[in-house]
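Next come the chains, spelled out residue by residue.
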Amino acid sequence: MSDIKSEQHGLSRRSFLGTAAASGAGIAGAGILGLAGCSPKEEGQAAASAAKADSPASAAAHDASVVGPGELDQYYGFLSGGQSGEVRLIGLPSMRELMRIPVFNMDSATGWGRTNESLKIINAHNTAETNAFLKASGLRCMPNGDLHHPHLSFTDGTYDGRYAYANDKANNRVCRINLSIMKTDRIIEIPNASGIHGLRLQRYPKTGYVFANGEHIKPVSGVGSLADEKTWNAVYTAIDGETMEIAWQVLVDGNLDNGDADYQGKYSFATCYNSERALTVQGMTANEQDWCVVFDLAAIEAGIKAGDFKEVNGVKMLDGRAEANSKYTRYIPVPNSPHGCNASPDGKYIMLNGKLSPTVTVVDVSKLDDLFAGKIKERDVVVAEPQLGLGPLHTAFDGRGNAYTTLFIDSQMVKWNIEDAIKAYKGEKVDPIRQKLDVHYQPGHNHSTMGETKEADGKYLVSLNKFSKDRFLNAGPLKPECDQLIDISGDEMVLVHDNPTFAEPHDLCLVAASKVNPSKTWDRQRDAWWWQDAEEQAKKDGVDLTKAAKVVREGNKVRVYMTAVAPAFSVPQFEVNQGDEVTVYVTNVETIEDLTHGFTLEGHGIAMEIGPQQTSSVTFIAARPGVHWYYCQWFCHALHMEMAGQMIVKPK
Ligand code: K7E
Ligand code: CUA
């Protein structure tokens, strides 16, 4: 395994690093865990040679990523923010960050996680256990999230620009982002499952289902016993992408990792790295092969219709366990602790990335009917298994028959030809590998432009690297990640740009700019659902939100209605009593784009965004007597500093 060389640079630091890592690992095949095996001295030497090796290629091609001032990018990238809990919007090829969309985090700029409108979205579909936990902990909402996999809705195998969906591994949630306003419009918690990780969407005829993998095994109510982990299960969830209600769950064996769906609307897939059903690293990596679980969607829907399910915590759950010999699932053996799962844009193949095996296992989708019919065996659906290098994690496509796989341990991107890999598997003497390119360093996900759609255009590939090490100015013990842009339009991959990113992109979607059309301002009619509660309360109080300048008192509840028009709030001062519960409603009545106002109330932990035509509100207890200024925190006008007012709190 350690003799795989970089074709570009001979035995460069990557093969060197890979060798050191693999031999430093205690567990056979688990070189991925052995990065600590390379010494500081080795890293230093390696870095020097890497810088030399890469400078000619990157200098020559650098222009490709330059998008000048005033020019627009050709693609949107929906980038996961990992443990930052947000989604980031970037432009390609410039790789410039355009926006951050708060989801599973709390955000100081927009007030996400603090405004009434955002809290309603965040908490609307919590389980009863979570609500009890929040109450006991004195929390308004879960303050964090671990967002790995943002993916855009499909119609007929390509992006339709309606929604993006993503997972929260930390608190078992799935979100939907409304692309017309670029805001999260739904968050649901998934009961029964643990560690919602892999998330992919139905491609055909449309989305359709949002498939979410439960990564961690645990005792599922009515099935597993706390005392015996061999009875613990993972849970696979299908969510209706329109209603965001859970359609069904399937009980399965082993920790589910990543997933994907076919282009025909018949099957979905999930890789599993823990067929051992173990709880330790040693245990989980014991077997040479784990598996990919295949789900038969029509069979599952028929099973639901026929009543072949148990209701567990309000969700219909079917039994798809390996030993149940279920008609809903098949378990395809795959070496070794497979990770990424990627459907090729021609709709023919599913790639299962071997992680601890140097291989990618290629499944022929057209053979799955026979597998479920019992006409062939599980491994008969495998049509290729090329050996690519160390630590294959994820695969992307160019729509011209080539695949691009990240090699975590080798710190490389490997380009390979799918049909040649199939010929080689049949015994023909062909080498499917076209090129290996060094990336910096330890790549996880990669993604090509439009590459998870039938319109894959083969222009750019982005490598999301887990380590930046020496690539940028040292930022301290916590280093940024390194996102690299690779031009794949020619015969050779060319590295054209890299930039640091904050914790921690896992995955991204690269979408032609024409597919996504966000609004320039909020729409009072279309988006009225956002401020629906405010509207209803205003009606009761005889207030028109768009013209309001009114303070309403009801016992110890005070409601303050104001508009924001540069450079003034319509209520410049209001008075309340210490201990009152105060709600402030602000409506921005500007009609032109990019005229966002804000409302920050000093000393109360309150700041919120109010975009043009939007209403935002926040509720708090006026616990601090005295004078508290509120001000607009988005620079909106030459008199922006003067856009302020005072809340007077009279002591008890
Ligand atoms: Cu998609 Cu990072 Cu969650 Cu691979 S996972 S790297
Ligand atoms: Cu309004 Cu600054």
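Looking at an unreviewed UniProt entry, one finds the chain named Nitrous-oxide reductase, with Neisseria lisongii as its source organism. Looking at the chain in UniProt, the text filed under Pathway (unreviewed entry) is "Nitrogen metabolism; nitrate reduction (denitrification); dinitrogen from nitrate: step 4/4."

Caption draft 1: Highlighting the overall build of the chain. Of the regular secondary structure elements, the chain holds nine helices and 40 strands. Scaling as 2.2 N^0.38, a compact globule of 652 residues should have a C-alpha radius of gyration of about 26 Å, and the chain matches this with 26 Å. Seen through its principal axes, the chain has C-alpha atoms that stretch 85 × 60 × 45 Å. Within the span of the chain, comprising 652 residues, buried residues form 60% of the whole.

Caption draft 2: Expanded view of unusual backbone geometry. In this structure, Gly208 follows Thr207 across a cis peptide bond, with omega equal to 10 degrees. Within the element layout of this structure, Gly208 appears in the loop between strand E8 (196-201) and strand E9 (209-214). Along the chain, Ala566 connects to Pro567 via a cis peptide bond; the corresponding omega equals 0 degrees. Take Pro567: it is sitting in the loop between strand E32 (557-565) and strand E33 (568-569).

Caption draft 3: Highlighting the UniProt feature "domain: Cytochrome oxidase subunit II copper A binding" (unreviewed entry) in the chain. Mapped onto this numbering, the UniProt entry gives "domain: Cytochrome oxidase subunit II copper A binding" (unreviewed entry) at residues 517-652. Between the first and last C-alpha atoms of residues 517-652 the distance is 52 Å; the span itself is 7% helix and 44% strand.

Caption draft 4: Expanded view of the sheet that holds strand E4 (residues 151-155). With respect to topology, four strands assemble into an open sheet ordered E4-E5-E6-E7, the strand pairing being antiparallel. Looking at strand neighbours, the two that pair on one side only are E4 and strand E7 (183-189), the edges of this open sheet. Between one strand axis and the next, the sheet turns by 30 degrees as a mean value, whatever way the strands run. In terms of strand pairing, E4 meets strand E5 (residues 158-168) through four bridges, oriented antiparallel. Within E5, the residue paired with His151 across the bridge is Tyr165. Lying over the sheet, helix H3 (residues 116-123) contacts strand E6 (173-178) and E7, oriented at roughly 35 degrees with respect to E7.

Caption draft 5: The state of the cysteines, seen in detail. Within this structure, the stated rule accounts for zero disulfides. As a non-bridged cysteine, Cys272 has Cys292 as the owner of its nearest cysteine sulfur, 9.5 Å distant.

Caption draft 6: A look at the pattern of salt bridges. What the rule picks out here adds up to 36 salt bridges. Asp156 is the salt-bridge partner of Lys454, the closest N and O atoms lying 3.0 Å from each other. One end of the pair, Lys454, is in the loop between strand E26 (443-448) and strand E27 (460-465); the other, Asp156, is in the loop between E4 and E5, with 298 residues separating them in the sequence. Using a relative accessible area of 37% as the deciding quantity, one classes Asp156 as partly exposed. Across the pair Glu242 and Arg162 runs a salt bridge, and its minimum N-O distance is 2.7 Å. Taken as a pair, Glu242 in the loop between strand E10 (234-240) and strand E11 (246-252) and Arg162 in strand E5 lie far apart in primary sequence, 80 residues in all. Residue class for Arg162 comes out partly exposed when judged on its relative accessible area of 25%.

Caption draft 7: Region of the structure containing the sheet that holds strand E21 (residues 382-384). The strand order across the open sheet formed by four strands is E18-E19-E20-E21, and the pairing between neighbours is antiparallel. Only two strands of the sheet have a single neighbouring strand rather than two, namely strand E18 (341-343) and E21. On average, each strand axis in the sheet is tilted by 35 degrees relative to the strand beside it, whichever way the strands run. Relative to E21, strand E20 (residues 360-364) runs antiparallel, the two sharing two bridges. Pairing of Val362 across the sheet is with Ala384, part of E21.

Caption draft 8: Here's a closer look at the packing of aromatic side chains. Within this structure, the stated rule accounts for 22 aromatic pairs. Taken together, a centroid distance of 6.5 Å and an interplanar angle of 45 degrees make the contact between Phe211 and Trp248 tilted. Of this pair, Phe211 sits in strand E9 while Trp248 is found in strand E11, placing the two residues 37 residues apart along the sequence. Trp248 shares its class with Phe211; the two are buried. Measuring from ring centre to ring centre gives 5.5 Å for Trp529 and Trp530, while their planes differ by 70 degrees; the resulting arrangement is edge-to-face. Taking the relative accessible area as the measure of exposure, Trp530 reaches 8% and is therefore buried. Among the aromatic residues, ring-to-ring pairing joins Trp112, Trp522, Trp529, Trp530 and Trp531 into one connected group. Here the guanidinium or amino end of Arg176 rests over the ring plane of Tyr163, the centre of that ring lying 4.0 Å away.

Caption draft 9: Seen up close, the site of ligand 1. If you check the shell around ligand 1, you find His148, His149, His197, Asn258, His339, His394, Gly444, His445, Lys466 and His506 and nothing else. Considered class by class, the residues forming the shell around ligand 1 number no nonpolar, nine polar and one charged.

Caption draft 10: Seen up close, the environment of His637. Relative to the helices and strands, His637 is located in the loop between strand E39 (626-631) and strand E40 (644-650). His637 sits in the partly exposed class, given a relative accessible area of 32%. The sequence separation of His637 and Ala343 amounts to 294 residues, and the corresponding C-alpha distance is 50 Å. Contacts of His637, omitting those with residues within four sequence positions, involve Ala566 and Pro567. At 2.8 Å, the side chain of His637 forms a polar contact with the backbone nitrogen of Leu639.

Caption draft 11: Geometry of the side chain of Asn588. Relative to the helices and strands, Asn588 resides in strand E35 (residues 581-588). Here Asn588 falls in the buried class, since its relative accessible area comes to 0%. A polar atom in the side chain of Asn588 sits 2.9 Å from the backbone nitrogen of Glu590. Apart from residues lying up to four places away in sequence, Asn588 is in contact with Ala564, Leu595, Thr596, His597, Ile610, Gly611, Pro612, Gln613 and Gln614.

Caption draft 12: Quick peek at the nonpolar core. The biggest cluster of nonpolar side chains holds 70 residues, and the ones touching the most others in it are Phe78, Leu92, Leu152 and Val174. In this structure Phe78 touches Val87, Arg88, Leu89, Pro150, Leu152, Leu179, Met182, Asp507, Leu508, Cys509, Val511 and Val516, once residues within four positions along its chain are discounted. Counting 26 residues, the second-largest nonpolar core is a separate cluster that includes Met562, Val576, Leu595 and Ile610.

Caption draft 13: Structural context of the pairing of strand E29 (residues 494-501). As paired elements, strand E28 (residues 481-487) and E29 share seven bridges and run antiparallel to each other. Across the sheet, residue Asp483 finds its bridge partner in E29, namely Asn499. Linking two consecutive strands that pair antiparallel, namely E28 and E29, is a turn of six residues.

Definitions and cut-offs
- Residues numbered from 1 in each chain as written.
- Chains lettered and ligands numbered in written order.
- Predicted model: local features only at pLDDT ≥ 70, side-chain atom pairs only at ≥ 80, totals over all residues.
- Heavy atoms only, no water.
- UniProt positions renumbered as here; feature names shortened; annotations may be inferred.
- Helix = DSSP H or I, 4+ residues; strand = E, 2+ residues; numbered from the N terminus.
- Rg over C-alpha atoms; globule rule 2.2 N^0.38 Å.
- Buried < 20%, exposed > 50% of the residue type's maximum accessible area, 1.4 Å probe, protein only.
- Pairing = 2+ DSSP bridges.
- Axes fitted to C-alpha atoms, helices over the stretch in contact; angles between N-to-C directions.
- Contact = heavy atoms within 4.5 Å.
- Disulfide = S-S within 2.5 Å.
- Salt bridge = Lys/Arg side-chain N within 4 Å of Asp/Glu carboxyl O.
- Phe/Tyr/Trp six-rings, centres within 6.5 Å; stacked < 30°, edge-to-face > 60°.
- Lys NZ or Arg CZ within 6 Å of the ring centre and 35° of its normal.
- Near = heavy atom within 4 Å.
- Nonpolar A, V, L, I, M, F, W, Y, C, P; charged D, E, K, R; others polar.
- Polar contact = N/O pair within 3.5 Å; in protein donor to acceptor, adjacent residues only side chain to side chain.
- Core = buried A, V, L, I, M, F, W, Y, C linked by side-chain atoms within 4.5 Å.

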